[in-house]
Every structure is written in structure tokens, then in C-alpha cells.
Amino acid sequence: MQTFQQTIFDLNNSSYWYPILYLFAAGIILYGMPLKTEYLGGRRVQRWYWFSALLLAFPYILWAGYRTDFIDTRAYIQAYRSTTSFLSDLPSVLAKNSKDQGFSVLMVFCKALGIDQYQHFMLLVAAFQMICMVFIFRKYSEDMWSCLFLFVASTDYMSWMQNGIRQFIAVAMTFAAFDLLVRKRYMSYVAVVLLASTFHGTALLMLPFAFIMTGPAMNRKTTMMIVGVVALIPFIDSVMPLMEDLLANTQYDDMMSNGIWENDDGTNLIRVLVYSVPALAALLGRRYIQHNRDPVINMCINASMITFAMYAVSAVTSGIYIGRIPIYTTLYGYMVLPWLIDQIFEKQSGRLIKLLMIGCYVGFYYYQMEIIWGLLSK
């Protein structure tokens, strides 16, 4: 029999609307909460108190932790149930699992610490992932509510915290390390990325991505990347043999042999358009960006350009594989989009544009959850 917590927090059918509805309800409650004055890069800024930030984020940890059946959830449950609770068995576990050994080590350590229930393990993972996001959203964004709203309404919450948790642990670690990148502690940043790669090898992509992100917004590096991607697309079929060699002995080493690549028609163009919004808004507000010269905003915009480029490639190749890579840079777009709206438009117009943004993203949430996944009326 399900526990009370499972009954309340296991999303299904109409309750898939709860993550969106809670945002609006909590947003109304927290709107009048006092803000904290902090200094960031020598600037005096207003930020949410940690209590308010965690209050907004807490239910998403519970929904992710108590889920029982969403895409890969059953596989994670089975993996944790079958994991040994003896640290002495760790060498044999690692010998059997040559990929993403960090996740195997995490499961064994949690079991050894007495965390026997898979729900408690998933709660721990969800809490880590959400706290990493809240840490960066709260510190570097002027509109934390919009950041979390975009993360949920884009269905990234469902895709990653309710599904691909192994890769999203790596994403959360590299995202939290953004603070190191801002402070130019590059060796520490590299160390975090290397640790994250033990959970999912794709985290290593953040090393070249970080190089592209640093510097002025839309600089020569990002321009060359966009031009290179556009030039590559017509010749994508010729690049397939090279990609097969590069993907050998990685998480995706079976993508050619099992026929998934051939049967994958790429990322949906509507999704590509939605994830390109921050990059397109940055092009519209380029002169405001150049006038502001904020290094954090510059890095977030360059990350949005990477997101756009990677989704453009995934649209003509594989949504299943290539389409999973942009999540490493997508989160930065959620920080910069509200800022761009505030900069480009006058105060009254900006409010209308934000309302339009909210309406469009709620529409996309319905489209993805019902039209594509068929979950809302299942």
C-alpha cells in the first residue's frame, strides 16, 4: 500500500498541473516577502532570503522524490534496490559498471549509510539538484520566480528531475560551479566538471562550453560556433562515421548499431524554437547588453547561444542523444531571459511581455505534456 507521502506527491494525470499551479500560488504568497540586500561584484542587489527560495522549491523535491512511474523511474528504482549495501563490494560493482561510476559509488554509499528505501535516495538526489539550481538562481538572477517557472514550464523539470537524474546530477554540479567560473577560479571549476563526468561523461562538454561562455556576449568565439554549426548541418550525413568513432565507449556507443539514430527524426522544431527564445531575445537586445557590460549576463547569453546551436544540430540529427546535451547550458537562459525583458522594454510594456511569456510557456507545457507525451488525459 502506498504511503501518505506517495499518494500526495506522486504526480499523475490531472496532478501534472500541480507543478505549474503551485508556482502561481507560491508566487502570490511570496510576492510581498522582504528581500535581502547583498553585494555582488561590487554592486548592491536585492535578493530573496534563503527561506523564501527554499519554500518555493521544496515541493519540487518531494514530487521528484516520491514519484513511482515516469519514463526511466522504474529502472532507477530497480537499480537502487539491487545495489549492495556493503562498501567492501564496491570494487566488484565498479568492475561491472565501467561507465558513470560516480553514480554507482553514490548508490553504494547511500545504501551503506542505511538509506534502504529508494524514495529516500531519490529525495536526496532531488534535493541536491534543486539546491544547486536555487543557489545560482538566487545569487545571480534578479527574478528567481521566473527562473524556476521557466525550468518547470519548459518541462525540463519533468524531463530531468523526474527522469534523467543521473545526467542531471552532472548538470546540477556544473551549474553550481558557475559561481567558480564567475570568480575566475578555473582550476576549481575544472575539478568540479571532472567529478561531474563520473556521473555522466557528457559533463566534459562543459570544458569547451565554458571557454565559449567567457568573454563579452556574442563574441568571436560564439560567432564562430554558430557559423560552424550552420555550415555543418548540410553535411551532417558525412559526419556520421566520425561521430560514431567519437561516441565509442561512451553512454551513446550503441546509438548507431541499434538503429535508434536512423529512426530518430530529431528534436521537435517547436521545442527548438522555445529553447532558442533567450538567444533570439539577446539578438534583439544586443545594444542593451553591450551597454551593461555585466560579465554574468554575458556568460548567460553566450550559454544561450550554445543552447541554440546544439538544438539546431539535434533538429537534424538526434533528439534522443544530441537533444540531451543542451541541458548543460539551458539553465543559464532561464536567468537571462527575464533580465532581457526588463532591459529591452519599458516598465509597463515589460510587465505585459512577461505575462505573454508566462502564457506562451504554459501553452508549451500543455503541448509537451499532452500533445507529445499524452500525460494530462492518460
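First, a word on what this report is: a plain description of the structure on this page. (Residues numbered from 1 in each chain as written. Predicted model: local features only at pLDDT ≥ 70, side-chain atom pairs only at ≥ 80, totals over all residues. Heavy atoms only, no water.)

Our next topic: helix 7 (residues 118-140). The periodicity of an α-helix, 3.6 residues per turn, causes residues three or four places apart in sequence to face the same way. Compared with the 33 Å implied by 1.5 Å per residue over 23 residues, the 33 Å span of helix 7 between its first and last C-alpha is a close match. For helix 7, the buried fraction is high: 17 of the 23 residues fall into the buried class. (Helix = DSSP H or I, 4+ residues; strand = E, 2+ residues; numbered from the N terminus. Expected span 1.5 Å × (residues − 1). Buried < 20%, exposed > 50% of the residue type's maximum accessible area, 1.4 Å probe, protein only.)

A few words on the layout of surface pockets. Looking at the second largest pocket, its volume works out to about 1,000 Å³. Lining the second largest pocket are 29 residues; nearest its centre among them are Tyr31, Asp143, Trp145, Ser146 and Lys354. Contributing elements (two or more residues each) for the lining of the second largest pocket: helix 2 (18-30), strand 2 (43-48), helix 8 (144-153) and helix 22 (347-372). With 6 residues, the top contributor of residues to the lining of the second largest pocket is helix 22. (1 Å grid on protein atoms, 1.4 Å probe; cavity = no way out; pocket = protein on both sides within 12 Å on 5 of 7 lines; lining within 4 Å. Points joined across faces, edges and corners; volume = space filled by probe spheres on them.)

Moving on, we come to the pattern of salt bridges. By the definition in use, this model includes 7 salt bridges. Between Asp294 and Arg43 there is a salt bridge, and its shortest N-O distance comes to 3.5 Å. Separated by 251 residues along the polypeptide, Asp294 in the loop between helix 19 (286-292) and helix 20 (295-316) and Arg43 in strand 2 bring together distant segments of the chain. Exposure remark for Arg43: the relative accessible area of 36% places this residue in the partly exposed category. Connected through shared salt-bridge partners, Lys36, Glu38 and Arg138 make up one network. (Salt bridge = Lys/Arg side-chain N within 4 Å of Asp/Glu carboxyl O.)

Turning to the environment of Ala191, a few remarks are in order. In this structure, Ala191 sits in helix 12 (residues 186-197). Here the alpha-carbon distance between Ala191 and Ala177, two residues 14 residues apart in the chain, equals 9.6 Å.

This next bit is on the nonpolar core. Phe151, Phe178 and Met335 are the most contacted members of the largest nonpolar core, which totals 119 residues. If near-sequence neighbours (up to four positions away) are discounted, Met335 is found in contact with Ile136, Phe137, Tyr140, Ser141, Cys147, Phe175, Phe178 and Cys300. (Core = buried A, V, L, I, M, F, W, Y, C linked by side-chain atoms within 4.5 Å. Contact = heavy atoms within 4.5 Å.)

In a disulfide, the sulfur atoms of two cysteines are covalently bonded to one another. Within this structure, the stated rule accounts for 0 disulfides. Note on Cys147: no disulfide assigned, nearest cysteine sulfur contributed by Cys300 at a separation of 8.7 Å. The class for Cys147 is buried, based on a relative accessible area of 0%. (Disulfide = S-S within 2.5 Å.)

Evaluated as defined, the whole model comprises 2 cavities of 30 Å³ or more. A volume near 140 Å³ is recorded for the largest cavity. Taken together, 15 residues line the largest cavity, and the ones lying closest to its centre are Tyr140, Ser141, Glu142, Ile297 and Trp339. Contributing elements (two or more residues each) for the lining of the largest cavity: strand 2, helix 20 and helix 21 (327-344). Of the residues contributing to the lining of the largest cavity, the split by class is 8 nonpolar, 1 polar and 6 charged. The volume enclosed by the second largest cavity comes to roughly 60 Å³. Lining the second largest cavity, in full, are Val274, Tyr275, Pro278, Ser304, Thr307, Thr330, Gly333, Tyr334 and Tyr361. Within the residue set of the lining of the second largest cavity, elements represented by two or more residues are helix 17 (269-275), helix 20 and helix 21. Of the residues contributing to the lining of the second largest cavity, the split by class is 5 nonpolar, 4 polar and no charged. (Nonpolar A, V, L, I, M, F, W, Y, C, P; charged D, E, K, R; others polar.)

Our next topic: helix 22. Here helix 22 contains 26 residues, and its C-alpha end-to-end distance of 36 Å stays within 8% of the 38 Å for a straight helix at 1.5 Å per residue. Among the residues of helix 22, Gly350, Lys354, Met357, Ile358, Tyr361, Phe364, Tyr365, Tyr367, Gln368, Met369 and Glu370 are the ones counted as buried. Those residues of helix 22 hidden inside the fold are in contact with helix 2, helix 8, helix 9 (156-161), helix 17, helix 18 (277-284) and helix 21.

As a further point, take the packing of aromatic side chains. By the definition in use, this model includes 21 aromatic pairs. Relative to Tyr365, the ring of Trp17 has its centre 5.6 Å away and its plane inclined at 50°; by these criteria the two rings are tilted. With Trp17 in the loop between helix 1 (4-9) and helix 2 and Tyr365 in helix 22, the pair connects residues that are 348 residues apart, well separated along the chain. Among the residues examined, Tyr365 registers a relative accessible area of 1% and is labelled buried. A network of ring pairs unites the aromatic residues Tyr22, Tyr60, Trp63, Phe151, Tyr157, Trp160 and Phe168 as a single cluster. Above the face of the Tyr80 ring, Lys111 is positioned so that its terminal group lies 5.1 Å from the ring centre. Just above the ring of Phe211 sits the side chain of Lys221; from NZ or CZ to the centre is 4.4 Å. (Phe/Tyr/Trp six-rings, centres within 6.5 Å; stacked < 30°, edge-to-face > 60°. Lys NZ or Arg CZ within 6 Å of the ring centre and 35° of its normal.)

Taken N-terminus to C-terminus, the directions of helix 3 (residues 50-65) and helix 8 make an angle of 10°; their axes are 11 Å apart at the nearest point. Considered as vectors, helix 3 and helix 8 are oriented roughly parallel to each other. Where helix 3 approaches helix 8, its residues Ala53, Leu56, Ala57 and Tyr60 are matched on the opposing element by Met144, Trp145, Leu148 and Val152. Grouping the constituent residues of the contact of helix 3 with helix 8 by class yields 8 nonpolar, no polar and no charged. (Axes fitted to C-alpha atoms, helices over the stretch in contact; angles between N-to-C directions. Parallel < 35°, antiparallel > 145°, perpendicular 65-115°, else oblique.)

Our focus in this paragraph is unusual backbone geometry. The general pattern is negative phi for most residues beyond glycine and trans for most peptide bonds. Residue Met218 is not a glycine yet carries a positive backbone phi of 55°. Here Met218 is to be found in the loop between helix 13 (206-213) and helix 14 (220-232). Using a relative accessible area of 8% as the deciding quantity, one classes Met218 as buried.

Glancing now at the environment of Tyr186. Assignment of secondary structure puts Tyr186 in helix 12. Taking the C-alpha atoms as reference, Tyr186 lies 9.6 Å from Ala210; in sequence the two are 24 residues apart.

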